[in-house]
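Listed below are the residues making up each chain.
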Amino acid sequence: MAPFVSFDGEVILTEKVDGTNSRIIILPDGNYVLGSREELLFAKGDLIGNPALGIVDALHSVADLLPQPEHNIIVVYLELYGGKVTAASKQYTAKQSIAWRLFDIAVITDITMLFTKSVQQLASWRDNGGQTFLDEDQLKKASIDFGFELTPRLATVEALPVSIEETYEFLKALLPKTLLALDEGAGGRGEGIVARTFSRSTIAKIRFEDYERHAKRRQ
């Protein structure tokens, strides 16, 4: 099981999507770059893109329509799901349909810094909170501006269950089936939920798989 995470204040609960993390990096000169969690796969104007995970095929035409920032770099984080993206894709679609949901946006204001620091310095900057992520209210506004649907908002609570058993029961009651099914033949099983504070200072993932594995061990 993952370690216990303590939350301070209201907690937003959203459906966790079993897909692949995708990035659209929007540059102020009108260009953009598409990437997965680990790699950059395609830049605007490329004749050949990396087909990994179907990200480029799914999102390059979407990226062409996004508004251009005036001064900053905007990084849009999407969860791409369905198709043959993961083993759980059948839970969302029986027809290999593809869809995506917005779950985060980061803003980089000091662009020159990206070209003056070493790779090690940039990695340290990133790992220690150098990027500015939008809070919940800003993210909702940005989703409208960019034309993306957010991951489903399930509830806002003052506190979460503490014990493993209570949390598992809470998870089953909150997400009896996915809200992201793309067609009637979808399996319908959700992966779990993401719990986060409004400011995004604390984030935790609560997955069915983890709690079911624990229950089997107890038996």
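Details of the structure are given in the entry above.
Note that the structure is predicted; figures quoted are calculated from it, not measured.

Caption draft 1: Fine view of the sheet that holds strand S4 (residues 40-43). Strand order in the open sheet formed by six strands is S4-S3-S2-S5-S6-S7, with antiparallel pairing between adjacent strands. Either end of the sheet is taken by a strand with one partner, and the two such strands are S4 and strand S7 (132-133). Here ten bridges tie strand S5 (residues 73-82) to strand S6 (residues 98-108), and the two strands are oriented antiparallel to one another. Note on S6: the bridge partner recorded for Leu80 is Trp100. The strands that helix H1 (residues 55-63) touches are strand S2 (20-26), strand S3 (32-36), S4, S5 and S6; relative to S3, the one it contacts most, it runs at about 150°. Helix H4 (residues 136-146) contacts S2, S5 and S6 of the sheet and is inclined by roughly 120° relative to S6.

Caption draft 2: Representation of the pattern of salt bridges within the structure. By the definition in use, this model includes 15 salt bridges. Across the pair Arg126 and Asp127 runs a salt bridge whose closest N-O atoms are separated by 3.0 Å. We note a salt bridge from Arg207 to Glu191, for which the minimum N-O separation is 3.8 Å. Linking Arg207 in strand S10 (residues 203-207) with Glu191 in the loop between helix H5 (164-174) and strand S9 (192-197), this pair joins segments that are 16 residues apart in sequence.

Caption draft 3: Region of interest: the side chain of Lys16. By the secondary structure assignment, Lys16 is in strand S1 (residues 11-16). In this structure the side chain of Lys16 is engaged in a polar contact, spanning 2.9 Å, whose partner is the side chain of Glu191.

About the thresholds
- Residues numbered from 1 in each chain as written.
- Predicted model: local features only at pLDDT ≥ 70, side-chain atom pairs only at ≥ 80, totals over all residues.
- Heavy atoms only, no water.
- Pairing = 2+ DSSP bridges.
- Helix = DSSP H or I, 4+ residues; strand = E, 2+ residues; numbered from the N terminus.
- Contact = heavy atoms within 4.5 Å.
- Axes fitted to C-alpha atoms, helices over the stretch in contact; angles between N-to-C directions.
- Salt bridge = Lys/Arg side-chain N within 4 Å of Asp/Glu carboxyl O.
- Polar contact = N/O pair within 3.5 Å; in protein donor to acceptor, adjacent residues only side chain to side chain.

Nothing here speaks to function; it is geometry throughout.
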